[in-house]
Amino acid sequence: MKLDLWIPVGTPQGRRNDLSGAANLHDYPAAGPWPDHLGHGDMLVTGHDVGAALEAVSRLDGLRVVQTLSAGVDRIVDRVPAGIILCDASGVHDVGVAEWIVLAILASYRRLPQLIEAQQATTWRHDGSRGDELHGSSVIILGHGSIGRAVEQRLAPFSVDVVRVARGEREWVHGLADLPTLLPSADVLVILLPLTAETRGLVGAEVLSRLKPGALLVNASRGAVVDTTALMAALTDGRIRAALDVTDPEPLPDGHPLWSMPGVLITPHVAGDVSGEEDRAWALVADQVGRLARGEPLRNVVVDGY
């Protein structure tokens, strides 16, 4: 007997074709008015609109699993009813985010924003300034999970010294307690922590003050892991540089002072938006449907908030 799978309205037909052999597909709407009852559901896939997904969850009978298409679950983890398994999309965004991090480091090191600015001004600006070398740099990866491992793999050809830090200490990976002693020697601090009560504002004035002058902070996780006020103070003083794909607040309002801070590169949460992302996401959904139907353990089950 096929499972009942609920997916966002507007899901492309090709994705539906890939899933229709294993599940009965049902659309949930993007907006109200909502019926009191949608029917039976075994699994629901969240889209970009988490609010719509949660409205659907509250109107389904027998729902067992909510599968997100994002690696982070901070917007939904505390809102899924007890007894329903929440699974994230760990692994789906590794390629895109890891490649963006390497791009951001190189762009910042080689002064690419300033060179693009000169190009837009139609000015040949060769003033003798020299960029930094990534070769031989020390890079802290703060949050050494699936994406962190992908970043490390892509940094390997640059002969960098990678220092792994995670919330829990394990073999070859430092715990958070070691971070203060590791920061002064870091050229780059890459932030990949999930947003939880423990990590909100973790990278604040104290952490930033321990970075060496000129260090580069790269954030591709969640904006609120970094204290924006403290970050702006450090940027204003010229003590550090930053490359941000996420901000707090987000979206960053037009005219916000962070946009024009010295030494900052900002992109609008696009690190994971690459051509292969959708294929990997829906392949994960298909695999999860098969596992649920066969009674096998699901992948990426969220425990303790992440």
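One structure accompanies this document, and this report is about it. (Residues numbered from 1 in each chain as written. Predicted model: local features only at pLDDT ≥ 70, side-chain atom pairs only at ≥ 80, totals over all residues. Heavy atoms only, no water.)

**Quick word on the sheet that holds strand β13 (residues 264–266)**
The parallel open sheet is built from six strands, whose spatial order is β9-β8-β10-β11-β12-β13. Of all the strands in the sheet, just β9 (161–165) and β13 have a single pairing partner and so form its edges. Geometrically, the sheet is characterised by an average inter-axis angle of 15° between neighbouring strands, direction not taken into account. Where strand β8 (residues 138–142) lies against strand β10 (residues 188–191), four bridges are found, and the strand directions are parallel. Directly across from Ile141, in β10, lies its bridge partner Val190. Contacts from helix α5 (residues 146–155) reach β8 and β9 within the one sheet, and its direction differs from that of β8 by about 165°. (Pairing = 2+ DSSP bridges. Helix = DSSP H or I, 4+ residues; strand = E, 2+ residues; numbered from the N terminus. Axes fitted to C-alpha atoms, helices over the stretch in contact; angles between N-to-C directions. Contact = heavy atoms within 4.5 Å.)

**Section: empty space enclosed by the protein**
As enumerated under the stated definition, the model contains one cavity of 30 Å³ or more in all. Considered as a void within the structure, the largest cavity measures approximately 40 Å³ in volume. Lining the largest cavity, in full, are Asn219, Gly223, Val226, Thr228, Leu231, Leu244, Val246, Thr247, Asp248 and Leu258. Of the residues contributing to the lining of the largest cavity, the split by class is five nonpolar, four polar and one charged. (1 Å grid on protein atoms, 1.4 Å probe; cavity = no way out; pocket = protein on both sides within 12 Å on 5 of 7 lines; lining within 4 Å. Points joined across faces, edges and corners; volume = space filled by probe spheres on them. Nonpolar A, V, L, I, M, F, W, Y, C, P; charged D, E, K, R; others polar.)

**Overview of the layout of surface pockets**
Gaps between atoms show up when a probe of the same size as a water molecule is rolled over them. Space inside the second largest pocket adds up to approximately 290 Å³. In terms of lining residues, the second largest pocket is bounded by 16 residues, among which Arg111, Pro113, Gln114, Gly263 and Val264 are the most central. At three residues, helix α4 (residues 112–120) tops the list of elements feeding residues into the lining of the second largest pocket. Classifying every residue of the lining of the second largest pocket gives seven nonpolar, four polar and five charged.

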